[in-house]
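Descriptive analysis of the structure
Next come the chains, spelled out residue by residue.
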Amino acid sequence: MRGVGLLVAVCLVACVTADVYLHMPRGSNNRLNEQTANRNNGNRLFDSQNNNKGGYNVGDSGAAASQNMDQQYNERYLEGSDMTFTWTNQHGCGGPEDPNDKTRCELVVEMMCSNELRNGQNTNTPNEQGGDANAGLHESAAWYADCKARERNKGLFTADQNLNGDTAIYTRQNPNGARSGLECPEERDYFPYWVETPFVPIAVMTSNTSRCASIYDPYFESRGMQPNCISAPWSRDNHNGNGRSGWQNMLNFTMPRSQSLCGQGTCRCISRLRYNISTTDYPWDLDASLNGEELSPVQQNPTVNFGTQQGFKLAINTAQTGRTFQDRSHIFNVVPRPNGVNGRVVNVQVQGKRGNIVQTYPATEYDFVPQITHLKRGDWVHIQWTGSNTHNNNAPAGDGQAGDDGEGTGGTDRNNMVQIVDEKRNYPTQFAQTTMWTGVTDSVPQRSATELALAFATAGNGVDTDPLLNNAPASFDGGLLRFEPGTYRYMCTRNNNFSNRGQKGVFVVHD
């Protein structure tokens, strides 16, 4: 496996990665519960290399900010359910099916599952022993200790960078061995890694699918996972926005069984997304034979003369011409299906946070995910959402804008679901005329049409709910529903002013 790992690792070291933000599941970008627009600690759990302003706070279970980890909300996904994974990446991508001629790129989706995972209740970086019970924890202390003691791969291309140590915490991108959480810098920078990692591969999206059969598929199989290597979706460079279709780029995949993720019936998990784009100024498969200032095909900030008397300085940082950016979710649970729930299950959730488009950027405003859900008779849909009570977006905001425009109590995320006649309307359908809730043929837990309408309108809070949902919980699990064939349109009543109008969705149920 070492040879395969080295081959791809060289590729990724010769790849530039740029800001990437995970939106569903909600990417933390190392945030926890900050009331500021900027995160407190960019090295809390991992080295994202992203802008300080991105990311979403951990979900709260109730209507007030969580005071301990038991009051945080972990979303729940049924094994074998259909999951929509959404993100934005800054510097473009594209595969053979829809190439971006300026880039070579990979997007790698993984999961890590362990009962030891914790979101944390403060924004401190865990100590090397992982013993601070109030700090978050992803990788284990043993994983980092092994990395710190293991000799680094000296066959890798490091350009003209001087690495200040000989173990796996020193890489071309991290020459001084800085620590972020308890991740291993060498594992973070290279994929597939030649040492078994705590991460399980879910998908690889690449600009070069010829590498799937020879490199990526064998790695999936070595980890007991079904190969899932596909053409990368197109995105515009220097944009950090939607893909070719006008929608956020997304990956649809089936949530693996708990046993394959953690060897137990229920798993505590996080997801990780890494984004790599290559420079074509030199081949992707360079190795250590070209290391050093004299041999490296790229040098730090060179001044070049291309035939005129005037030289021009290029902004090249050789620690970043191959650079790995990543985002990770907060903890979620993968659980067995309830008895009697067979066939297809589709997850429908909410992404985004409080604020207008400038205040939330590079996160997003609220939206249902997916916005349009196609189902067949007998399919189940699992509806849930999570939010924070501390998305105040106060200063400092770096080079962005502070503030949290929106309805209701400042800093609070709130969502609900009510039927509308069509997507152009902004008034909910009266219950006496509703077809959405009367069209439910089965629900888990079992509820009547009236109970369903009230639960989804109030996020489970009931008849005493404030008109702006202020006293409703930030998070809600609506359970599983099956619908009669038909088209059912819905909206959120609170997130519907001219700063963030349009949190709407559609279920299309085919016979």
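What comes next is a walk through the structure. Since we're looking at a predicted model, the values are computed, not measured. (Residues numbered from 1 in each chain as written. Predicted model: local features only at pLDDT ≥ 70, side-chain atom pairs only at ≥ 80, totals over all residues. Heavy atoms only, no water.)

**Regarding empty space enclosed by the protein**
Applying the stated criterion across every chain, the model contains five cavities of 30 Å³ or more. Space inside the largest cavity adds up to approximately 110 Å³. (1 Å grid on protein atoms, 1.4 Å probe; cavity = no way out; pocket = protein on both sides within 12 Å on 5 of 7 lines; lining within 4 Å. Points joined across faces, edges and corners; volume = space filled by probe spheres on them.)

**A few points about the sheet that holds strand E18 (residues 372-376)**
Pairing is mixed across the open sheet formed by four strands, whose spatial order is E18-E24-E23-E20. Where the open sheet ends on each side, the last strands, each with one partner, are E18 and strand E20 (418-420). Going from strand to strand, the sheet's axes swing by 30 degrees on average, the running direction of each strand aside. The sheet contact formed by E20 and strand E23 (residues 486-491) spans three bridges and is antiparallel. Counterpart to Gln-419 in the pairing with E23 is Tyr-490. (Pairing = 2+ DSSP bridges. Helix = DSSP H or I, 4+ residues; strand = E, 2+ residues; numbered from the N terminus. Axes fitted to C-alpha atoms, helices over the stretch in contact; angles between N-to-C directions.)

**A word on the layout of surface pockets**
One number sums up the size of the largest pocket: a volume of about 860 Å³. Lining the largest pocket are 39 residues, and of these Trp-247, Gln-248, Gln-351, Asp-367 and Gln-371 sit closest to its centre. The set of elements that each furnish at least two residues to the lining of the largest pocket consists of strand E4 (82-89), strand E10 (249-254), strand E16 (345-351), strand E17 (367-369) and E18. If one sorts the elements of the lining of the largest pocket by residue count, E4 sits on top with five residues. Class assignment of the residues belonging to the lining of the largest pocket gives a composition of 14 nonpolar, 20 polar and five charged. (Nonpolar A, V, L, I, M, F, W, Y, C, P; charged D, E, K, R; others polar.)

**Considerations on the pairing of E4**
In terms of burial, E4 is a largely internal element, seven of the eight residues being buried. Judged from the four bridges that link them, strand E2 (residues 20-24) and E4 form a sheet pairing that is antiparallel. Following the sheet pairing, Tyr-21 is matched in E4 by Thr-88. Alignment of E4 against E10, held across six bridges, turns out to be antiparallel. Opposite Phe-85, over in E10, you have Leu-251 as the bridge partner. (Buried < 20%, exposed > 50% of the residue type's maximum accessible area, 1.4 Å probe, protein only.)

**Quick look at the pairing of E16**
Note on strand geometry: in a regular strand, side chains alternate between the two faces of the sheet. Taking burial as the measure, the seven residues of E16 include seven buried ones, the bulk of the element. Of the two faces of E16, the one lined by Val-345, Asn-347, Gln-349 and Gln-351 and the one lined by Val-346, Val-348 and Val-350 are each fully buried. Across four bridges, the pairing between E16 and strand E19 (residues 380-385) is parallel. Opposite Val-345, over in E19, you have Trp-380 as the bridge partner. Alignment of E16 against E17, held across three bridges, turns out to be antiparallel.

**A word on the packing of aromatic side chains**
Across all of its chains, the model carries 15 aromatic pairs by this definition. Pairing Phe-368 with Tyr-490 gives two aromatic rings, centres 5.0 Å apart and planes at 80 degrees, and the pair type is edge-to-face. Of this pair, Phe-368 sits in strand E17 while Tyr-490 sits in strand E23; the two residues are 122 residues apart in sequence, bridging distant segments of the chain. For the pair Phe-368 and Tyr-490, one class covers both residues: buried. (Phe/Tyr/Trp six-rings, centres within 6.5 Å; stacked < 30°, edge-to-face > 60°.)

**Some points on the pattern of salt bridges**
Evaluated as defined, the whole model comprises 24 salt bridges. Here Arg-274 and Glu-110 are joined by a salt bridge, their closest N and O atoms 3.1 Å apart. Here Arg-274 is found in strand E11 (residues 267-278), whereas its partner Glu-110 is found in strand E6 (residues 104-113), with 164 residues between them in sequence. For the pair Arg-274 and Glu-110, a shared accessibility class is recorded, and that class is buried. Between Glu-139 and Arg-328 there is a salt bridge, and its shortest N-O distance comes to 2.9 Å. With Glu-139 in the loop between E6 and helix H2 (141-149) and Arg-328 in strand E14 (residues 325-328), the pair connects residues that are 189 residues apart, well separated along the chain. (Salt bridge = Lys/Arg side-chain N within 4 Å of Asp/Glu carboxyl O.)

**Description of H2**
Among the residues making up H2, those that are buried are Trp-143, Tyr-144 and Cys-147. In a view along the axis of H2, the buried residues occupy a sector of 95 degrees, so they form one face of it. Looking at the packing, one finds that the buried side of H2 touches helix H3 (185-189). (Arc of directions from axis to C-beta. Contact = heavy atoms within 4.5 Å.)

**Brief notes about a nonpolar patch on the surface**
On the surface, Trp-247, Met-250 and Ile-372 cluster together to form a nonpolar patch covering roughly 270 Å² of accessible area. Structurally, the position occupied by Trp-247 is in the loop between strand E9 (235-237) and E10. (Patch = residues over 30% accessible without salt bridge, like charges linked within 9 Å, V, L, I, M, F, W, Y side chains within 5 Å. Areas by Shrake-Rupley, 256 points an atom, 1.4 Å probe, with all protein chains shown as cover.)

**Some details on the state of the cysteines**
As enumerated under the stated definition, the model contains five disulfides in all. Two residues share a disulfide in this structure: Cys-93 and Cys-105, whose sulfurs sit 2.0 Å from each other. Here the disulfide of Cys-93 and Cys-105 is right-handed, its torsion about the S-S bond being about 90 degrees. One end of the pair, Cys-93, is in strand E5 (residues 91-93); the other, Cys-105, is in strand E6, with 12 residues separating them in the sequence. Summarising the burial analysis for this pair, Cys-93 and Cys-105 share the class buried. The disulfide partner of Cys-147 is Cys-184, and the gap between their sulfur atoms is 2.1 Å. Disulfide Cys-147-Cys-184: the torsion about the S-S bond is 70 degrees, which places it as right-handed. Of the two residues, Cys-147 sits in helix H2 while Cys-184 sits in the loop between H2 and H3, which places them 37 residues apart along the sequence. In the protein chain, the bonded cysteines, numbered by position in the sequence, are linked as 1-2, 3-10, 4-5, 6-7, 8-9. (Disulfide = S-S within 2.5 Å.)

**Overview of the side chain of Arg-152**
If you trace the backbone, Arg-152 turns up in the loop between H2 and H3. Judged by its relative accessible area of 16%, Arg-152 falls in the buried class. Beyond its immediate sequence surroundings of up to four residues, Arg-152 is in contact with Leu-163, Gly-165, Asp-166, Thr-167, Ala-168, Tyr-170 and Glu-186.

**Brief notes about the environment of Thr-206**
Structurally, Thr-206 is set in strand E7 (residues 200-206). In the structure, Thr-206 is positioned 229 residues away from Thr-435 in sequence and 43 Å away in space, judged by C-alpha atoms. Excluding its chain neighbours within four sequence positions, the residues that come into contact with Thr-206 are Gly-95, Pro-96, Cys-105, Glu-106, Arg-211, Cys-212, Cys-229, Ile-230, Ser-231 and Ala-232. Only 2.8 Å separates the side chain of Thr-206 from the side chain of Glu-106, close enough to count as a polar contact. (Polar contact = N/O pair within 3.5 Å; in protein donor to acceptor, adjacent residues only side chain to side chain.)

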